[in-house]
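Structural characterization, general
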Amino acid sequence: MITGKYPSLRLRRSRKYNWSRKLVQENNLSSGDLIYPIFLIEGKNKKQSIKSMPGIYKYSVDKLGVVVKNVINCKIPMVALFPSTPDNKKDKYGNESLNENNLVCRAIRFIKKRFKNNIGIMCDVALDPYTSHGHDGLLKNNYVLNDKTIDILMKQSLLQAQMGCDVIAPSDMMDGRVGKIRKFLDKNKYHDVQILSYAVKYASHFYGPFRDAVGSKKSLKSNKKNYQMDFSNINESLREVALDIKEGADMVMVKPGLPYLDIIQKVKENFKIPVLAYQVSGEYSLIKNGIKNKLINEDAIFESLMCFKRAGASAIVSYFSLDIAKKLKI
Ligand code: PBG
């Protein structure tokens, strides 16, 4: 397939000028490829910085108008909502997840009322923002129960759909949850609500700053290795994706991002469905601190996002989305 040889072939010819490099560019990044995560806190008129994630804030629901307007103006198609639930609303069972006046529900209603369908809303489905032990499901003898957890996740999904959520994103890694959630949504006439499955979610050490931001770090005593994937594995990720597609997932997520580009590429090659990537909090803070300490130039952000596109990602959840979209202007 590859023909030609030096000296008649010189690949540097096409790299000589900017116009020429543009013509042979194989991948592109635009604002339409980005999803912006937003952290929520209780209270009024609050914009709170997050120590572990410089430049990222938690907003009270009444402040969301400004943020989301900004996102829409930057042509970013979707926001992802993450609640930082106060400790007094957490319990062993994650009951707050089913409260129609919890932070996420109020935020969905607020955004949809103001901005209608000019922006997509995606919400995580998992119990960790609401449990006192910080795990994504119900615990018995320190083990997360699969089927009992799904019973709650189904209700959490339906509630979010009823509030106006467009994309339900189960991030809990329970077996069989996509199928049960799909059936439950359909039974309740929410056929058009999409499911973005966090099909391939690794038990990663790159989630630290996020857990700090939503307050699950201090409560989480152990790790999530008995439900999230082992980061040594590839084949298992393909089995996860195959199952979730059969169960009705519209899109799948690979998470974390940059250290897992090989997985994005393999999933895309094997299944030809929309694969999304999550450039997680640890990746964000590492790059951000590198820039702050002048170890790397801020163009490293654009490079990191383009690499996701090269690997085959259709879209990227990134805390850099807003900054980059402002610069991209497309
Ligand atoms: C919760 C959830 C996590 C992240 C997104 N949803 C943390 C976890 O699984 O412990 C991490 C995102 C990030 O690090 O940016 N299920």
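Scroll up to find the structure this text is about.
Figured I'd write up the structure that's included with this text. Being a predicted model, the structure only gives us computed values, none of them experimental.

1. Here we look at the site of the ligand
Residues in close proximity to the ligand total 16 residues, the closest being Lys-201, Arg-211, Lys-255, Ser-281 and Tyr-319. For the ligand, an oxygen atom lies 2.7 Å from a polar atom in the side chain of Ser-281. With respect to the ligand, the side chain of Tyr-319 contributes an N or O atom lying 2.6 Å from an oxygen atom. Bound to the protein, the ligand loses 99% of the 400 Å² it would expose on its own. For the shell around the ligand, a count of residues per class yields six nonpolar, three polar and seven charged.

2. Some details on the side chain of Lys-90
Relative to the helices and strands, Lys-90 resides in the loop between strand S4 (78–83) and helix H3 (103–115). For Lys-90, the side chain forms a polar contact with the main-chain oxygen of Gly-215, separated by 3.2 Å. The contacts of Lys-90, once residues within four sequence positions are left out, are Thr-85, Pro-129, Tyr-130, Thr-131, Ser-132, Val-214, Gly-215 and Ser-216.

3. Brief notes about the nonpolar core
In this structure, Ile-38, Phe-39, Leu-64, Leu-81 and Met-122 are the most contacted members of the largest nonpolar core, which totals 107 residues. Excluding its chain neighbours within four sequence positions, the residues that come into contact with Ile-38 are Tyr-59, Leu-64, Val-67, Val-68, Val-79, Ala-80, Leu-81 and Phe-82.

4. Some words on the pattern of salt bridges
Throughout the structure, instances matching the rule amount to 12 salt bridges. Taking the shortest distance from any N to any O, the salt bridge between Asp-244 and Arg-177 comes out at 3.4 Å. With a gap of 67 residues between them, Asp-244 in helix H7 (residues 235–247) and Arg-177 in helix H5 (residues 177–187) connect regions that are remote in the sequence. Side by side, Asp-244 and Arg-177 carry an identical accessibility label, which is buried. Residue Arg-182 pairs with Asp-250 through a salt bridge whose shortest N-O separation is 4.0 Å. Residue Arg-182 is located in helix H5, and its partner Asp-250 is located in the loop between H7 and strand S10 (251–255); the two are separated by 68 residues in the primary sequence. A network of salt bridges, in which partner residues are shared, links Glu-42, Lys-89 and Arg-106.

5. Regarding unusual backbone geometry
Apart from glycine, the bulk of residues carry a negative phi angle, and the bulk of peptide bonds sit in the trans form. Cis geometry is adopted by the peptide bond preceding Pro-7, which originates at Tyr-6 and carries an omega value of 10 degrees. By the element assignment, Pro-7 lies in the segment before helix H1 (18–24). Residue Pro-256 is bonded to the preceding Lys-255 through a cis peptide linkage, with omega at -5 degrees. Its location among the elements puts Pro-256 in the loop between S10 and helix H8 (261–271). Phi is positive for Asn-45, close to 55 degrees, though the residue is something other than glycine. Residue placement: Asn-45 occurs in the loop between strand S1 (34–41) and strand S2 (47–49). Residue classification places Asn-45 among the exposed residues on the basis of a relative accessible area of 54%. Its identity as a non-glycine residue notwithstanding, Lys-294 has a phi of 60 degrees, on the positive side. Looking at the element boundaries, Lys-294 is found in the loop between helix H9 (281–292) and helix H10 (299–311).

6. A few points about the environment of Leu-29
Looking at where Leu-29 falls in the secondary structure, it is placed in the loop between H1 and S1. For Leu-29, a relative accessible area of 3% corresponds to the buried category. Residues Leu-29 and Val-71, spaced 42 residues apart in sequence, show a C-alpha to C-alpha distance of 16 Å.

7. Describing a positive patch on the surface
A cluster of basic residues, Arg-10, Arg-12, Arg-13 and Arg-15, forms a positive patch on the protein surface. Mapped onto the elements of the fold, Arg-10 is located in the segment before H1. Arg-10 gets classed as partly exposed once you look at its relative accessible area, which sits at 44%.

8. What about the packing of aromatic side chains?
Counted according to the given criterion, the structure contains 12 aromatic pairs. Geometrically, the ring pair formed by Phe-39 and Tyr-319 is stacked, given 6.0 Å between the ring centres and 5 degrees between the ring planes. Of the two residues, Phe-39 is situated in strand S1 and Tyr-319 in the loop between strand S12 (315–318) and helix H11 (321–328); the sequence distance between them amounts to 280 residues. The class for Phe-39 is buried, based on a relative accessible area of 0%. Tyr-319 sits in the buried class, given a relative accessible area of 2%. Relative to Phe-320, the ring of Tyr-284 has its centre 4.6 Å away and its plane inclined at 45 degrees; by these criteria the two rings are tilted. Of this pair, Tyr-284 sits in helix H9 while Phe-320 sits in the loop between S12 and H11, and the two are 36 residues apart along the sequence. Residue classification places Tyr-284 among the buried residues on the basis of a relative accessible area of 1%.

The rules behind each value
Residues numbered from 1 in each chain as written. Predicted model: local features only at pLDDT ≥ 70, side-chain atom pairs only at ≥ 80, totals over all residues. Heavy atoms only, no water. Near = heavy atom within 4 Å. Polar contact = N/O pair within 3.5 Å; in protein donor to acceptor, adjacent residues only side chain to side chain. Areas by Shrake-Rupley, 256 points an atom, 1.4 Å probe, with all protein chains shown as cover. Nonpolar A, V, L, I, M, F, W, Y, C, P; charged D, E, K, R; others polar. Helix = DSSP H or I, 4+ residues; strand = E, 2+ residues; numbered from the N terminus. Contact = heavy atoms within 4.5 Å. Core = buried A, V, L, I, M, F, W, Y, C linked by side-chain atoms within 4.5 Å. Buried < 20%, exposed > 50% of the residue type's maximum accessible area, 1.4 Å probe, protein only. Salt bridge = Lys/Arg side-chain N within 4 Å of Asp/Glu carboxyl O. Patch = residues over 30% accessible without salt bridge, like charges linked within 9 Å, V, L, I, M, F, W, Y side chains within 5 Å. Lys, Arg positive; Asp, Glu negative; His and termini not counted. Charge placed at Lys NZ, Arg CZ, Asp CG, Glu CD. Phe/Tyr/Trp six-rings, centres within 6.5 Å; stacked < 30°, edge-to-face > 60°.

Geometry only, nothing functional implied.
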